[in-house]
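# Descriptive structure summary
Given next are the chains, with one letter for each unit.
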Amino acid sequence: MSAEVTFALPSPYGPRTATVRYHREGSGSPLLLLHGIGHHWQAWGPVLPALAARHEVVAVDLPGFGTSPALPDGVPYGLEAAVPTVGAFCAALGIERPHVAGNSLGGLLALGLGRAGLARSVTALSPAGFWTEPERRYAFAVLAGMRLGARTLPRSAVERLARSAAGRALLVSSIYARPGRRSPEGAIGETRALREATGFAPTLAAGRGVRFTGDVPGVPVTIAWGTRDRLLVRRQGLRALHEIPGARLVRLPGCGHVPMSDDPELVGRVILDGCAAAA
């Protein structure tokens, strides 16, 4: 079921309202899914059936991404503001301390929610924030190039490229190890999401000084990294484990930065195991 919710947010200029669109399916304990920068909730599509068989899954279009409108004026996009924004979204849905799984930016947010006591368990797939400065600059340059390409290519060219595995590789190989497994509709949809993301530039700007440091106490944490992640290289997983020594570090063989499509069975199992650790 796809829906939207509007809720209040504080700002330096007084209360503001935000609207977030999301997809909800399944039954059981709630599991919140958070996508990466420039993406949308459909990134989780390959693993949704397995997750919804065990949990009530809420897959979110973060503010300024997918079909969710931008944040209201006065509400920043940085991590310190994003965590309470996602917390307010959960409260508006009546969800208290869900399991949270996130990819890239969403993985960073998931860890922030865990640290804030707003998550029952955290599974972070290639989370942002464990880079060195050169690694961050490289990743941001790749993302900016992807954004430029998505905004420059005519829609007819995107649709034509998406019809073949080679064309989909040109469109999305920066984030997938097996881009040919993406459906034409999926490649078209995420190129459009990247092109139209009003939150992309402010989120990227806010991320320049971000490093995740310190533990996430009292919450089971799983860190998973694709062995073929070309955007955030896998050695960053070891840094994450150093910061969060109680975390479980899992390698995802043959997977890229967005692993849900590369190996849905493995990624679904890792997320479900992460949730079970909080039982």
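Before any of the text, the structure's been laid out above.
First, a word on what this report is: a plain description of the structure on this page.

### Considerations on the pairing of strand S8 (residues 248–252)
Pairing of strand S7 (residues 221–226) with S8 involves five bridges; the strand directions are parallel. From the neighbouring strand, Thr222 faces S8, where its bridge partner is Arg248. Tracing the backbone out of S7, into helix H9 (residues 236–243) and back to the parallel element S8 gives a crossover that is right-handed.

### Quick look at the nonpolar core
One finds Leu32, Leu33, Leu34, Trp44, Phe89 and Leu111 to be the most contacted residues of the largest nonpolar core, which totals 90 residues. Those residues in contact with Trp44, other than ones at most four positions away along the chain, are Leu33, Leu34, His35, Ala101, Gly102, Asn103, Leu125, Met260 and Ile271.

### Examining the packing of helix H4 (residues 133–152) against helix H7 (residues 184–196)
The contact between H4 and H7 brings their axes to 8 Å, and the two run at 100 degrees. In terms of orientation, H4 and H7 fall into the roughly perpendicular class. Facing H4, whose interface residues are Met146, Arg147, Ala150 and Arg151, H7 presents Thr191, Leu194, Arg195 and Glu196.

### A word on the pattern of salt bridges
All chains considered together, the criterion is met by ten salt bridges. Between Glu133 and Arg136 there is a salt bridge, with its nearest N and O atoms 2.6 Å apart. Taken together, the positions of Glu133 and Arg136, both in helix H4 and three residues apart, correspond to about one turn of that helix. Overall, Glu133 belongs to the partly exposed group, its relative accessible area being 35%. The closest approach of N and O atoms between Arg235 and Glu135, which form a salt bridge, is 2.8 Å.

Calculation criteria
- Here the residue index of a chain counts from 1 through its sequence in written order.
- The predicted nature of this model means local features are confined to residues of pLDDT at least 70 and side-chain atom pairs, given and counted, to a pLDDT of 80 or more, with totals for whole chains, interfaces and linings taken over all residues.
- Side-chain numbers come from the whole structure's heavy atoms, not from hydrogens or water.
- Any two strands with at least two DSSP bridges between them are considered paired.
- Numbering of helices and strands starts at the N terminus; helices are DSSP runs of H or I of at least 4 residues and strands are runs of E of at least 2.
- Looking down the strands as they point away from the viewer, one classifies a crossover as right-handed if the path from the first strand across the helix to the second runs clockwise.
- Buried residues of nine kinds, namely Ala, Val, Leu, Ile, Met, Phe, Trp, Tyr and Cys, make up a nonpolar core once their side-chain atoms join them within 4.5 Å.
- The rule is simple: take the accessible area with a 1.4 Å probe, protein chains only, and divide by the maximum for that residue type; under 20% is buried, over 50% is exposed, in between is partly exposed.
- Contacts are assigned to residue pairs with any non-hydrogen atoms lying within 4.5 Å of each other.
- Interaxial angle, 0 to 180 degrees, is taken between N-to-C directions of lines fitted to C-alpha atoms, where a helix line uses only the stretch in contact.
- Should an angle fall under 35 degrees it is taken as roughly parallel, and over 145 as roughly antiparallel, whereas 65 to 115 is taken as roughly perpendicular and any remaining angle as oblique.
- When a carboxyl oxygen of Asp or Glu lies within 4 Å of a side-chain nitrogen of Lys or Arg, that pair is called a salt bridge.

These figures capture arrangement, not role.
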